[in-house]
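Working through the structure, step by step
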Amino acid sequence: MTWNGEELDIDAYLARVGHEGEVKPDFDTLRALHRAHVASIPFENLEMMLGRPVPLDLAALQDKLVRQRRGGYCYEQNLLLAAALERIGFAVTGLGARVRVGASSRRAVTHMLLKVEADGRQWHCDVGFGAEGLLEPIPMGDKDDVRQDVRQGEWRFGIVPEVDGARVLRTEHADGWFDLYEYTLEERLPVDYVVMNHYTSTHPRSSFIRRPVIQRAAPDARRTLVGEHLTVTRPDGTSDERDVSADELSEVLAREFDIELTADDCAELIRAHYAGA
């Protein structure tokens, strides 16, 4: 199997994301698992902030995201989902994207997403983009009809084609459409993500090694903690913002993001990144 689905403890994964009932390779299951995963497992880069590597083997992903009740970033999240979907019987293809959020020039391909086949259609799945990411799969369309426009909860997402054949995933902000990333249907293999992960988790220019980034998407709000700055954004564009002190960091991680750090890890995170907060 491409995604090592046979090695996954599927019962533990389903319990982690809170999914009950039968699972089978159809769209209802795909949609339910996607929504449950996004709701249960937050986006975070804390391993890098704690000075540790980010392994992508399935045993490490299960230990961290499932048993330790931690989160992860795109490769960890989508590799775990790919293994679960493959175990259930879905056809899953890995894809790569160039992130556009905050970009002033065209970036390298460093983001992972999935193409999944269900009920005779191809679906764009991505549980690893953080607060602005999809809540559930979105149709990819075919080569003659790529454009999509869907609502998920209170949020609106779309896919638009570009002249070079790329597709752009975007979300609607209060002031209009906002590009998230561009991608093609070129297949990516697990080894490709190992290379991407090495760059993203170690390169001096990677944004993920500079400061803690914790994010969570929900139907009614998008939560982000970047450094010590906590923001809760609603679909109408209003938001609440405040700084998080070192003393309340552990409580905020648990309450807002459902992240359970050990006492030693929390102390090290505070020492390294929040001592002056």
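Residues numbered from 1 in each chain as written. Predicted model: local features only at pLDDT ≥ 70, side-chain atom pairs only at ≥ 80, totals over all residues. Heavy atoms only, no water.

Quick look at a nonpolar patch on the surface now. A cluster of nonpolar side chains, Leu189, Val191 and Val194, forms an exposed patch at the surface whose accessible area comes to about 250 Å². In this fold, Val191 is placed in helix α6 (residues 190–202). (Patch = residues over 30% accessible without salt bridge, like charges linked within 9 Å, V, L, I, M, F, W, Y side chains within 5 Å. Areas by Shrake-Rupley, 256 points an atom, 1.4 Å probe, with all protein chains shown as cover. Salt bridge = Lys/Arg side-chain N within 4 Å of Asp/Glu carboxyl O. Helix = DSSP H or I, 4+ residues; strand = E, 2+ residues; numbered from the N terminus.)

This paragraph deals with the sheet that holds strand β11 (residues 222–226). With antiparallel pairing, 5 strands are arranged side by side in an open sheet as β1-β10-β11-β12-β13. For this open sheet the edge positions go to β1 (43–44) and β13 (239–243), each flanked by a neighbour on one side alone. Relative to β11, strand β10 (residues 213–217) runs antiparallel, the two being bridged by 5 bridges. Following the sheet pairing, Gln215 is matched in β11 by Thr224. (Pairing = 2+ DSSP bridges.)

A separate point is unusual backbone geometry. Even without being a glycine, Asn4 presents a positive backbone phi close to 60°. Relative to the helices and strands, Asn4 resides in the segment before α1 (10–17). Despite not being glycine, Arg69 has its phi angle at roughly 55°, a positive value. Here Arg69 shows up in the loop between α4 (58–67) and α5 (74–88).

Okay, the side chain of Arg216 next. Residue placement: Arg216 occurs in strand β10. Buried charge without a partner: Arg216 forms no salt bridge, and the closest opposite charge is Asp258, 4.4 Å away. For Arg216, the side chain forms a polar contact with the main-chain oxygen of Phe257, separated by 3.3 Å. Residues in contact with Arg216, not counting those within four places in the same chain, are Ala39, Ser40, Ala131, Ala221, Arg222, Arg223, Glu256, Phe257 and Asp258. (Buried < 20%, exposed > 50% of the residue type's maximum accessible area, 1.4 Å probe, protein only. Lys, Arg positive; Asp, Glu negative; His and termini not counted. Polar contact = N/O pair within 3.5 Å; in protein donor to acceptor, adjacent residues only side chain to side chain. Contact = heavy atoms within 4.5 Å.)

Interpretation in functional terms is not warranted from these geometric data alone.
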